[in-house]
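Residues per chain, in single letters:
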Amino acid sequence: MDNLMIRGGRPLTGEVWLPAAKNSVLPIIAASILTEEDVVIHNCPLLSDITGMLDIIRSLGGRAELKDNTLWINNRDVRSACVSNALTGGIRSSIFILGPILGRLRTAEVSYPGGCEIGLRPIDLHLGGLRALGVRINEEGGMIRCDGGNIRGGIVNLDFPSVGATENIMMAAVLAEGRTVIRNAAREPEIVDLQGFINRLGGRVHGAGSSLITIDGVKKLSGGEYLPLADRIAAGTYLTACAACGGDVTVHGIYAETISAVTEKLARTGCELREFDDRIRIRATGKPKAVSKIETQVYPGFPTDMQAQFGALLAAADGVSIVVENIFENRFKYTVQLGMMGANITVKDRTAVIRGVKRLKGAQVCAEDLRGGAALVLAGLAAEGETTVRNARHIDRGYQNIETVFRALGADIQRK
Ligand code: EPZ
């Protein structure tokens, strides 16, 4: 059941309702460690990255239950500050645990979360930020041991606006005495979401969404319920799929502002987009036009998490497009798989030159990472003939039942 079989060439029509953003829910699950009270998260998708994080919570003594997209967590009994290798090796976002555990227990021990398919994923900015809050850190034998006995508010200057480092430092500061200032903070909407969640529980975080975030430490957090933002990358994926296949699709629950860098580029391919308060409608007919250049940037620039999906669209566009990946060092692996479907893409360092072909042809391809796997599904939906996307488990990390969503839009796609 780890393969997706697709018969391409059908237009996509219909409506999609989005789940909460994976990249909001993961740090929010970590932040729930900061309180001993009940936390309820609504519209939570069933994704392997999320179940992985819940396993980590349980390994620390917490309790969690995800039922019908409602997630209940209680971390009253969290006592352990040691996150085992077996659990962290699986998912990158385990590093988010460091900040809240330190904030709650004043000590923490996690194994180095390994790199992943898209890059080395260093954590120097996370550790440097925690040290600025007075945390003593010893890195030895693949373990990170932290003594947060003297944790207090401090000034953190991030050399790069890292999403994870911004979130980790924010969470570590919530229960630390005094004021913390994070300069050159990442500005992604998921960070605004994390601020919203923490403040819902009684935290005092301000400025998320800008480069300057302040956190005034409080003694304790209460419990609470929270509805995270919709998944803007899932939204961008479904809109881009319609651009590639043709059709008429409405994606519900999305704030257009959060993916304006993507919709602006979709419009340049010749699609017609209409933005409403909480939904976006796309209509696409005929062959997409090439886009002269796409460069991934930190928010609000073009998101790196949409680079592969857009590359799949441009592979059969009319003309030559240039894609530059500025955020991760290894995010073009999908282009080799697209080449097996007839795409004409040359990659040098961080730049891909995509010469649009008349039509992609179905083939046996292999997902190697989350967004690259999604790109192969989009390519298969638009291609002529049959495509098998193997290792669909990579895709399940970020999309709940992707085949069900596309089947509801008229695609011929089965999981085998
Ligand atoms: C988050 O990863 C997202 N993951 C990623 O989404 C997303 O691609 C990324 O932000 C950028 O938007 C989650 O939120 C769970 P970063 P994160 O720290 O926090 C370098 C997906 O597909 N860096 O902003 O790891 C790093 O190597 C995933 O949903 C350091 O050098 O991203 C990278 O080049 C993939 N030192 C750049 O910063 C550090 O200490 C951006 O990383 C930390 C990061």
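Residues numbered from 1 in each chain as written. Predicted model: local features only at pLDDT ≥ 70, side-chain atom pairs only at ≥ 80, totals over all residues. Heavy atoms only, no water.

Some details on the site of the ligand
Next up, step 1: Contacts to the ligand come from 22 residues, most closely from Leu125, Ser162, Gly164, Asp305 and Ile327.
Next up, step 2: Here an oxygen atom of the ligand and a side-chain polar atom of Lys22 are 2.9 Å apart.
Next up, step 3: Contact between the ligand and Arg331: an oxygen atom at 3.2 Å from a side-chain N or O atom of the residue.
Next up, step 4: Isolated, the ligand exposes 830 Å² of accessible area, and the fraction of that covered by the protein chains is 86%.
Next up, step 5: Those elements that provide at least two residues to the shell around the ligand are α1 (22-31), α5 (124-132), α6 (163-173) and α12 (370-382). (Near = heavy atom within 4 Å. Polar contact = N/O pair within 3.5 Å; in protein donor to acceptor, adjacent residues only side chain to side chain. Areas by Shrake-Rupley, 256 points an atom, 1.4 Å probe, with all protein chains shown as cover. Helix = DSSP H or I, 4+ residues; strand = E, 2+ residues; numbered from the N terminus.)

A few points about the packing of helix α10 (residues 307-314) against α12
Next up, step 1: Orientation of α10 relative to α12, taken along the N-to-C sense of each, is 25 degrees, at an axis distance of 7 Å. It follows that α10 is roughly parallel to α12 by the angle criterion. When the axes of α10 and α12 are compared, the crossing they make is right-handed. Across from Ala308, Gln309 and Ala312 in α10, the residues of α12 making contact are Arg371, Gly372, Ala374, Ala375, Leu378 and Ala379.
Next up, step 2: Among the residues making up the contact of α10 with α12, the classes are represented as six nonpolar, two polar and one charged. (Axes fitted to C-alpha atoms, helices over the stretch in contact; angles between N-to-C directions. Parallel < 35°, antiparallel > 145°, perpendicular 65-115°, else oblique. Left-handed = near helix turned anticlockwise from the far one by under 90°. Contact = heavy atoms within 4.5 Å. Nonpolar A, V, L, I, M, F, W, Y, C, P; charged D, E, K, R; others polar.)

Here's the deal with the pairing of strand β8 (residues 136-140)
Next up, step 1: Of the pairings in the sheet, the one linking β8 to strand β9 (residues 143-147) comprises five bridges and is antiparallel in character. Directly across from Glu140, in β9, lies its bridge partner Met143.
Next up, step 2: Connecting the antiparallel pair β8 and β9 is a turn made up of two residues, with Gly141 showing a positive phi of about 55 degrees. (Pairing = 2+ DSSP bridges.)

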